Amino acid sequence: PVKGMRKKFIELPPVDGAILARSSQLPIDDFVRRMVRLCNQAKAYSATGKMIQLGVQLGGKGAGKLKDNMFLNQVPHNRYVRQYFYEMAADAALEAVVLCSAGFISNRMKLQVMFPEMNPQMDSYRIGTLLELTRTIAIRFAEQNLRVRVCVQGSIGQGIFTAIPKQLNGVATILKRMDWQSGEGEENEGMVGDFVNFGHIGKEHVVNFKEGEGGEADTQQDDVFILICPQNMQGIESSIIPYLLEMTEAVGDRPMILINPDLVDKASSQGQQSVRGRQDRIDFANSFKTIFQFQNIYYSGTSYFPILGASTLLGPEEMWVSHQRRDLKGGKGEVYVPVYASESMPDSEVLMSTFSQQ
């Protein structure tokens, strides 16, 4: 904004031209993204959603576009809906790994996939959906000849006061017993044990290349690490952060992807997670950048249904787009309509204000 208007309009950093070039080759997408920034500067927040709709209507790549008739209010979800999310998350993860290898983004990444069956705070939570998502992402990497280490949090704590988060109880065992189609004559024959391996969170589970001795085969290093829901636990005098920190140092510059992490401090009897080193833990948690997010928006914090809309980031270099769920006339279906977009995670006040204007 010009100097005389700075009190009225906010200043936002310009959109990186390199990101624009990588995200889409279509002029309409370039125009829409620049106009979204301008609308946010002018505080015309509701116009950002209309710009996203304009890009779709004029033949753009469909930034932020979601599938119609997902019916996430119905639990359990249809199989095609689950598969839709699996494929979107896997595509975003693979794109992020490619960008990381080229040095465009950090190797510390996270996926936030929180539709009803993936939300542990809801009765609809289904552990099978989480593991199917993990399997799809791991297989997508393995198909690109990348060796993947899928890690699950082990017991943390001190002395007899050790435990595993309830959300992850039994996950390590179930993960190994899943049908990976890796048996003889199957689609992914030999994948598990060669390109897909399992472990826990910690530096001792990071495998590096080691040349074989005495005629033994070489030990191949892990290329990508997938960590399933690392989290702190209430009442335990230990944080998962030190284990993660040791692992990130051992991993080096290889991609490390967290799925639905919960790295905030929890209440503990001696305050270990509340006072000592708190800022360092916060900074470390924030070093993992979101490369994909789908999170439903609800009418209130205590009621999860009906669903109001969704906040999305469908790729590591895409815009954040928020959608409002609308029912079609006569009960013929539902659509998710873009109502707000920005280059950063949407502010809750701006989001609710925009939703109220629709």
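Everything below is about the structure printed above this text.
Residues numbered from 1 in each chain as written. Predicted model: local features only at pLDDT ≥ 70, side-chain atom pairs only at ≥ 80, totals over all residues. Heavy atoms only, no water.

1. Overview of helix H3 (residues 45–57)
All of the buried residues along H3 are Thr48, Gly49, Met51, Ile52 and Gly55. All buried residues of H3 project into a common sector of 155 degrees when viewed along the axis, lining one side. Away from the buried face of H3 by more than 90 degrees, exposed residues Lys50 and Gln57 are located. Buried positions along H3 lie against helix H2 (27–41), strand S10 (320–327) and strand S11 (334–342). One or two residues past the end of H3 sits Gly59, with phi positive at roughly 90 degrees. (Buried < 20%, exposed > 50% of the residue type's maximum accessible area, 1.4 Å probe, protein only. Helix = DSSP H or I, 4+ residues; strand = E, 2+ residues; numbered from the N terminus. Arc of directions from axis to C-beta. Contact = heavy atoms within 4.5 Å.)

2. Some thoughts on the side chain of Arg147
Turning to its location among the elements, Arg147 is positioned in the loop between helix H5 (127–142) and strand S2 (148–152). We classify Arg147 as buried; its relative accessible area is 18%. Setting aside chain neighbours within four positions, we find Arg147 in contact with Asp194, Phe195, Gln220, Gln221, Asp222, Asp223 and Val224.

3. Some details on the nonpolar core
The nonpolar side chains of soluble globular proteins are, as a tendency, buried together. Ranked by internal contacts, the top residues of the largest apolar core, which has 55 residues, are Met70, Leu72, Ile137, Phe141, Leu175, Ile228 and Phe294. Sorting elements by how many residues they give to this core places helix H4 (residues 79–101) first, with 13 residues. (Core = buried A, V, L, I, M, F, W, Y, C linked by side-chain atoms within 4.5 Å.)

4. Observations concerning unusual backbone geometry
In this structure, Pro76 follows Val75 across a cis peptide bond, with omega equal to 0 degrees. Here Pro76 is to be found in the loop between H3 and H4. The phi angle at Asn260 is positive, at roughly 50 degrees, despite the residue not being glycine.

5. Some remarks on the packing of aromatic side chains
Applying the stated criterion across every chain yields a total of six aromatic pairs. Ring centres of Tyr45 and Tyr340 lie 5.9 Å apart, and the angle between their planes is 75 degrees; on these two criteria the pair is classed as edge-to-face. Here Tyr45 is found in helix H3, whereas its partner Tyr340 is found in strand S11, with 295 residues between them in sequence. Tyr340 sits in the buried class, given a relative accessible area of 6%. Both rings, one in Trp180 and one in Phe198, keep their centres 5.7 Å apart while their planes meet at 65 degrees; by these two values the pair is edge-to-face. With Trp180 in the loop between helix H6 (171–177) and strand S5 (196–200) and Phe198 in strand S5, this pair connects stretches of sequence that are 18 residues apart. (Phe/Tyr/Trp six-rings, centres within 6.5 Å; stacked < 30°, edge-to-face > 60°.)

6. Points about the packing of H4 against H5
Between H4 and H5, whose axes approach to 9 Å, the crossing angle comes to 40 degrees. What the angle tells us is that H4 and H5 run oblique. For the element pair H4 and H5, the recorded crossing hand is right-handed. Residues Arg82, Phe85, Tyr86, Glu87, Ala89, Ala90, Asp91, Ala93, Leu94 and Val97 of H4 pack against Thr129, Glu132, Leu133, Thr136, Ile137, Arg140 and Phe141 of H5. (Axes fitted to C-alpha atoms, helices over the stretch in contact; angles between N-to-C directions. Parallel < 35°, antiparallel > 145°, perpendicular 65-115°, else oblique. Left-handed = near helix turned anticlockwise from the far one by under 90°.)

7. Looking at the environment of Phe71
Tracing the backbone shows Phe71 in the loop between H3 and H4. Sequence spacing of Phe71 and Glu334 is 263 residues, and the spatial spacing of their C-alpha atoms is 7.2 Å. Dropping the residues within four chain positions of it, Phe71 is found in contact with His77, Gly333 and Glu334.

8. Here we look at the pattern of salt bridges
Should their charged atoms come close, side chains of opposite charge can pair. One pass over the full model with this rule turns up 12 salt bridges. Residue Glu318 is joined to Lys61 by a salt bridge in which the shortest nitrogen-to-oxygen separation is 2.5 Å. Here Glu318, found in the loop between strand S9 (303–313) and S10, pairs with Lys61, found in the loop between H3 and H4; they are 257 residues apart in sequence, far enough to count as distant. Overall, Glu318 belongs to the buried group, its relative accessible area being 16%. On the basis of relative accessibility, which here comes to 37%, the residue Lys61 falls in the partly exposed class. A salt bridge links Arg325 to Glu334; its shortest N-O distance comes to 3.0 Å. (Salt bridge = Lys/Arg side-chain N within 4 Å of Asp/Glu carboxyl O.)

All we've got here are geometric facts, nothing functional implied.
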